[in-house]
Amino acid sequence: MTDETPNDPQDAIDSQGDRRREELDNRIFEHSAGDDQEGVPFVGAGPGNPRLLTVAGKELLEEADLVVHAGSLVNSELLDEYCAHAELVNSVGKDLEELIPLMRDAYEDGDNVVRLHSGDPAIYGAALEQMDALEHEGVPTYFVPGVTSAFAASATLRTQLTLNEVSNHVAFTRPQGKTLTEEEDHISEFVEMGDVTTCIYLGTHAVRDTMDRLLADDHDPETPVAVIYHASWPDEDVIIGDIGTIADKVEDAGYRASALVVIGDAVTGAGYERSFLYGDWANRGADSSDATESETQAGDD
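The structure presented is a predicted model; accordingly, all values stated were derived computationally and were not measured.

**Q** Now, about the overall build of the chain: what can you tell me, with residues and values included?
**A** Looking only at helices and strands, the chain has 11 helices and 10 strands in total. C-alpha atoms of the chain, sized along the principal axes, occupy 60 × 55 × 40 Å. Within the chain, contacts between residues at least 6 apart in sequence are counted, and of these 70% link residues at least 24 apart. When the accessible surface of the chain is totalled, it reaches about 16100 Å², and 46% of it is carbon and sulfur.

Below, the structure written as structure tokens:
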């Protein structure tokens, strides 16, 4: 391992940001998600259950010499099953100044390095700043998608996040707090739209405040809300209520973190209309133009 001092991570982030404004990365056009690529993969571990890890993620972990993981946010069963042979480093409590040279040096020494994030690294993962810092050090990086907790939550609830005539849109958001100002909190606006399923990440501790603000904004207190703690983990817990009741239920359960909050009528899966895709449009013929038009207009995917 080398003792070379890394560049300042903020300088690296600024430099990579300036480069993106000037030109697109050629790799965008050379690789698709799931391709074998050179460099350090930033892998989504999925929501918790090891079976929800992608095939690509599993293969990379099984070949890894060093896995830098997100601590308790990644199910230890997944680490035991796929990473027992590798050196494991918990990233919790480590800043970029420590993480970047750790991964850089291992990669330059010829080790297979995997950066393992919970869920999908593109959703509230703070992955890009690490990737920019590594790229600035000459270490290539790439994303390997994972199943985000909202998708595990919808599977648990046995519903869809989008439902014809119920929810045409999905919002991934977080509540105001230390990293988000009141002006940047758009939860009330999403709920006001009516046909939006609002998925709140990083907001278990703020369920009471969030619901109080929605009530103060005159939203229907009977709007369905689900709180899924540890979606897909062995200790998963599902709390069902509405804007007027969910805060008491979550506080009674004692949860302050690691739960996804879902607001909207799609929570119950009630009231949807039959889609066009498997209705009249299904009999329009099998040529590709009709099929494409049907999927586009019906929105079933």
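**Q** Break down a negative patch on the surface for me, citing the residues and quoting the values.
**A** A cluster of acidic side chains, namely D8, D11, D14, D95, E97 and E98, defines a negative patch on the protein surface. Those elements giving two or more residues to the negative patch turn out to be helix 1 (9-22) and helix 5 (96-108). Residue position: D14 is located in helix 1.

**Q** Hey, could you go over helix 6 (residues 127-136) for me, with residue numbers and the actual values?
**A** Of all the residues in helix 6, the buried ones are A127, Q130, M131, D132, A133 and L134. Taken together, the buried residues of helix 6 touch helix 1, strand 1 (40-44), helix 5, strand 4 (113-117) and strand 5 (141-144). Where helix 6 ends, the next residue or the one after it, G138, has phi of about 90°, a positive value.

**Q** Let's hear about the packing of helix 5 against helix 6: which residues, and what values?
**A** Helix packing for two helices is described by the angle between their axes and how far apart those axes are. Viewed as axis vectors pointing N to C, helix 5 and helix 6 meet at an angle of 55°, and their least axial separation amounts to 10 Å. When the interaxial angle is binned, helix 5 and helix 6 end up oblique. Of the two elements, helix 5 crosses helix 6, and the hand of that crossing is right-handed. Across the interface between the two elements, L96, L99, I100, M103 and R104 from helix 5 touch E129, Q130, A133 and L134 from helix 6. Of the residues contributing to the contact of helix 5 with helix 6, the split by class is 6 nonpolar, 1 polar and 2 charged.

**Q** Mind laying out the pattern of salt bridges, listing which residues take part and the relevant values?
**A** A complete count under the given rule lists 10 salt bridges for this structure. Between D185 and R213 there is a salt bridge; the shortest N-O distance is 3.7 Å. Of this pair, D185 sits in the loop between strand 6 (169-173) and helix 8 (187-193) while R213 sits in helix 9 (residues 207-216); the two residues are 28 residues apart in sequence, bridging distant segments of the chain. Here R213 falls in the partly exposed class, since its relative accessible area comes to 28%. Linked through salt bridges whose partners overlap, the residues forming this network are D25, R27 and E135.

Rules of the game
Residues numbered from 1 in each chain as written. Predicted model: local features only at pLDDT ≥ 70, side-chain atom pairs only at ≥ 80, totals over all residues. Heavy atoms only, no water. Helix = DSSP H or I, 4+ residues; strand = E, 2+ residues; numbered from the N terminus. Contact = heavy atoms within 4.5 Å. Areas by Shrake-Rupley, 256 points an atom, 1.4 Å probe, with all protein chains shown as cover. Patch = residues over 30% accessible without salt bridge, like charges linked within 9 Å, V, L, I, M, F, W, Y side chains within 5 Å. Salt bridge = Lys/Arg side-chain N within 4 Å of Asp/Glu carboxyl O. Lys, Arg positive; Asp, Glu negative; His and termini not counted. Charge placed at Lys NZ, Arg CZ, Asp CG, Glu CD. Buried < 20%, exposed > 50% of the residue type's maximum accessible area, 1.4 Å probe, protein only. Axes fitted to C-alpha atoms, helices over the stretch in contact; angles between N-to-C directions. Parallel < 35°, antiparallel > 145°, perpendicular 65-115°, else oblique. Left-handed = near helix turned anticlockwise from the far one by under 90°. Nonpolar A, V, L, I, M, F, W, Y, C, P; charged D, E, K, R; others polar.

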